[in-house]
Amino acid sequence: MFDELLRYRSQFPILEKTTYLISNSLGAMPQGVYGALQAYAETWATRGVRAWEERWWTLAAQVGDEIGTLMNAPANSVSTHQNVTTCQAVVASCFDFSGKRNKVVYSDQNFPSVMYFWQAQQAHGARVHMVSTDDGITVPLERLLDAIDERTLLVPISHVLFRSAYIQDAKAIVEKAHKVGAHVVLDTFQSLGTVPVDVQALDVDFACGGVLKWLCGGPGVGYLYVRPDLGKKLQPTFTGWFAHQNPFGFEVGSNRYNEPPYRFMNGTAHIPSLEAARPGLKLIAEAGIERIRKKSKRQTSRLIAMAEQRGWQINSPRNAERRGGTVSIDMPNAEEVCRELLRRDILVDYRPAAGVRIAPHFYSKDEELETAIETIDEIVKEQTGVEKAAS
Ligand SMILES: Cc1ncc(COP(=O)(O)O)c(C=O)c1O
């Protein structure tokens, strides 16, 4: 079968040497990053402090727009930060938790860093309602919707769950939240780049994520979309001189907020990471999220079929429409199996309660899926053989 996306393989050096199936954790580095970081060093070395005026000051907003284009965000609605946890802190700092509307609703399938952040906000008046889930794969929608009430201020949830890749019904959650006057902070880390995200169609209040997984942008860049009407009103108290209307006035006193996206930033931007993120964003835009998604559904379905044939436990939704780019598969001694796969240059990861997470991307070949599954099979057999011999 002809796979037009495979022409991008030559852009990713690590694909020559490994079976790279871990884009839900760290996307492969594009070749272009070498040049981007070399150019960054050159700019610093030759332009020195003039680089701020000539390129760096506007880079944070420019990269925000490049990310925003991928999720149909209007220009200037996406600010850049170091990571998702920081994005949550910026959002939290826009609100007052001392009133009656102070409830924060999410499920136990949220990414832990996000939960740690919100749990800690209880010291500042937030009342956390964590919805328990049953099967470790899905979040019961009705249970989550029922928890969102007139006292709810914020609903910080994942679009695609990191453990199982279950796609939550973000639209229904946003609709319920808006009906009762709450705001949704949608974590699109595990969706943007592999599952279509349209922040305007969802009418979501905030969306945040990072570029290092499906966007192949490397560590160090998180993004925060704020719905433009909110962006005009909100005043984050986690703020700094990048958010000031006249940063080079170095005024004394309170911040006079700039327009978004700078309004949601704070201190000096992380320039090297922003430079390193751009080649990946360009490739994803070029490859196209619809095409990436179509291939991802086909490849993840293939992985599930091969794992089922071997009787392993599938900890991801079987319905491709409700599944993001990852398949979590549990098998005997999964953690050991993962370690051995890494040793054999088959790059995947292991997560408790998920098993081995396998995440092909647009650059993955079908043969690589077979290699991974056959090697797992081989390792499981070797290990069970070793166990039998020892007993
Ligand atoms: C859904 C989700 N949110 C957040 C994170 C990470 O958060 P942070 O950027 O704060 O490290 C991850 C994975 O690393 C994730 O899968």
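Preceding this paragraph is the structure being described.
We now turn to the structure provided with this report. (Residues numbered from 1 in each chain as written. Predicted model: local features only at pLDDT ≥ 70, side-chain atom pairs only at ≥ 80, totals over all residues. Heavy atoms only, no water.)

### Side note on the overall build of the protein
From N to C terminus, the protein includes 12 helices and 13 strands. Relative to a compact globule of 391 residues, whose C-alpha radius of gyration would be 21 Å, the protein shows 22 Å and is just as compact. Overall, the C-alpha framework of the protein stretches about 75 × 55 × 40 Å when taken along its three principal axes. Per-residue burial for the protein yields a buried fraction of 57% across its 391 residues. At a minimum sequence separation of 6, the contacts of the protein that also span at least 24 residues come to 72%. Of the accessible surface of the protein, which amounts to about 16700 Å², a share of 52% is contributed by carbon and sulfur atoms. With 43 positive and 45 negative side-chain charges, the protein shows a spacing of 2 Å between the two charge centroids. (Helix = DSSP H or I, 4+ residues; strand = E, 2+ residues; numbered from the N terminus. Rg over C-alpha atoms; globule rule 2.2 N^0.38 Å. Buried < 20%, exposed > 50% of the residue type's maximum accessible area, 1.4 Å probe, protein only. Contact = heavy atoms within 4.5 Å. Areas by Shrake-Rupley, 256 points an atom, 1.4 Å probe, with all protein chains shown as cover. Lys, Arg positive; Asp, Glu negative; His and termini not counted. Charge placed at Lys NZ, Arg CZ, Asp CG, Glu CD.)

### Things to note about helix α9 (residues 271-287)
Given 3.6 residues to a turn, an α-helix orients residues that are three or four positions apart in the same direction. Taking 1.5 Å of rise per residue, 17 residues should cover 24 Å, and α9 covers 25 Å from first to last C-alpha, within 8% of that figure. When the local axis directions of α9 are compared, the greatest deviation, roughly 30°, occurs at Arg 278, which is followed within four positions by the proline Pro 279. Where burial is concerned, most of α9 is hidden: 12 out of the 17 residues are buried. Along α9, the residues that are buried comprise Ile 271, Ser 273, Leu 274, Glu 275, Ala 276, Ala 277, Pro 279, Gly 280, Leu 281, Leu 283, Ile 284 and Ala 287. (Expected span 1.5 Å × (residues − 1). Bend = angle between axes of the 7 residues up to and from the residue.)

### A closer look at the site of the ligand
By nearness alone, every residue bordering the ligand is listed as Asn 83, Val 84, Thr 85, Phe 111, Ser 158, Phe 162, Asp 187, Phe 189, Gln 190 and Lys 213. With respect to the ligand, the side chain of Thr 85 contributes an N or O atom lying 2.4 Å from an oxygen atom. Contact with the protein chains hides 83% of the accessible area of the ligand, taken as 400 Å² for the molecule alone. For the shell around the ligand, the class distribution of residues is four nonpolar, four polar and two charged. (Near = heavy atom within 4 Å. Polar contact = N/O pair within 3.5 Å; in protein donor to acceptor, adjacent residues only side chain to side chain. Nonpolar A, V, L, I, M, F, W, Y, C, P; charged D, E, K, R; others polar.)

### Observations concerning the packing of helix α2 (residues 50-70) against α9
With their axes 10 Å apart at the nearest point, α2 and α9 run at an angle of 35° to one another. At the point where α2 passes α9, the crossing takes the left-handed sense. Of the residues in α9, those touching α2 at Trp 52, Arg 55, Trp 56, Leu 59, Ala 60, Gln 62, Val 63, Glu 66, Ile 67 and Leu 70 are Ile 271, Leu 274, Glu 275, Arg 278, Leu 281, Ile 284 and Ala 285. Residue classes in the contact of α2 with α9 are distributed as 12 nonpolar, one polar and four charged. (Axes fitted to C-alpha atoms, helices over the stretch in contact; angles between N-to-C directions. Left-handed = near helix turned anticlockwise from the far one by under 90°.)

### Examining the sheet that holds strand β5 (residues 152-158)
Taken together, seven strands build an open sheet; the order of strands is β2-β8-β7-β6-β5-β3-β4 and the sheet is mixed. Of all the strands in the sheet, just β2 (78-81) and β4 (127-131) have a single pairing partner and so form its edges. Averaged over neighbouring strand pairs, the angle between their axes works out to 20° when direction is ignored. In terms of strand pairing, strand β7 (residues 206-210) meets strand β8 (residues 222-226) through five bridges, oriented antiparallel. Across the sheet, residue Cys 208 finds its bridge partner in β8, namely Leu 224. Across the sheet, α2 lies against β2 and β8, angled at about 115° from β2, the strand it touches most. The strands touched by helix α4 (residues 112-120) are β3 (103-107), β4, β5 and β6 (183-187); relative to β3, the strand with the most contacts, the crossing angle is about 155°. (Pairing = 2+ DSSP bridges.)

### Looking at the environment of Asn 83
With respect to the secondary-structure elements, Asn 83 resides in the loop between β2 and α3 (84-92). Sequence separation between Asn 83 and Phe 189 is 106 residues, and the spatial gap between their C-alpha atoms is 10.0 Å. There is a polar contact of 3.2 Å between the side chain of Asn 83 and the backbone nitrogen of Thr 85.

### Observations concerning a nonpolar patch on the surface
Together, Trp 241, Phe 248 and Phe 250 give the surface a local cluster of nonpolar side chains, amounting to about 350 Å² of exposed area. Tracing the backbone through its elements, the reader meets Phe 250 in the loop between α8 (228-233) and α9. A relative accessible area of 56% places Phe 250 in the exposed class. (Patch = residues over 30% accessible without salt bridge, like charges linked within 9 Å, V, L, I, M, F, W, Y side chains within 5 Å. Salt bridge = Lys/Arg side-chain N within 4 Å of Asp/Glu carboxyl O.)

### So, the state of the cysteines
Tallied over the entire structure, the rule returns zero disulfides. Lacking any disulfide linkage, Cys 216 is separated from the closest cysteine sulfur, that of Cys 87, by 19 Å. Sulfur of Cys 338: no disulfide; nearest cysteine sulfur belongs to Cys 216 and is 20 Å away. For Cys 338, a relative accessible area of 5% puts it in the buried group. (Disulfide = S-S within 2.5 Å.)

### A word on the sheet that holds strand β10 (residues 327-330)
The antiparallel open sheet is built from four strands, whose spatial order is β9-β10-β13-β12. Strand pairing shows two members of the sheet lacking a second neighbour, β9 (313-314) and β12 (349-351), which therefore form its edges. Taken together, the three bridges between β12 and strand β13 (residues 355-358) define a ladder with antiparallel strand orientation. Among the inter-strand pairings, Arg 351 is bridged to a residue of β13, identified as Gly 355. Helix α10 (residues 289-309) rests against β9, β10 and β13 of the sheet, and its axis sits at about 10° to β10.

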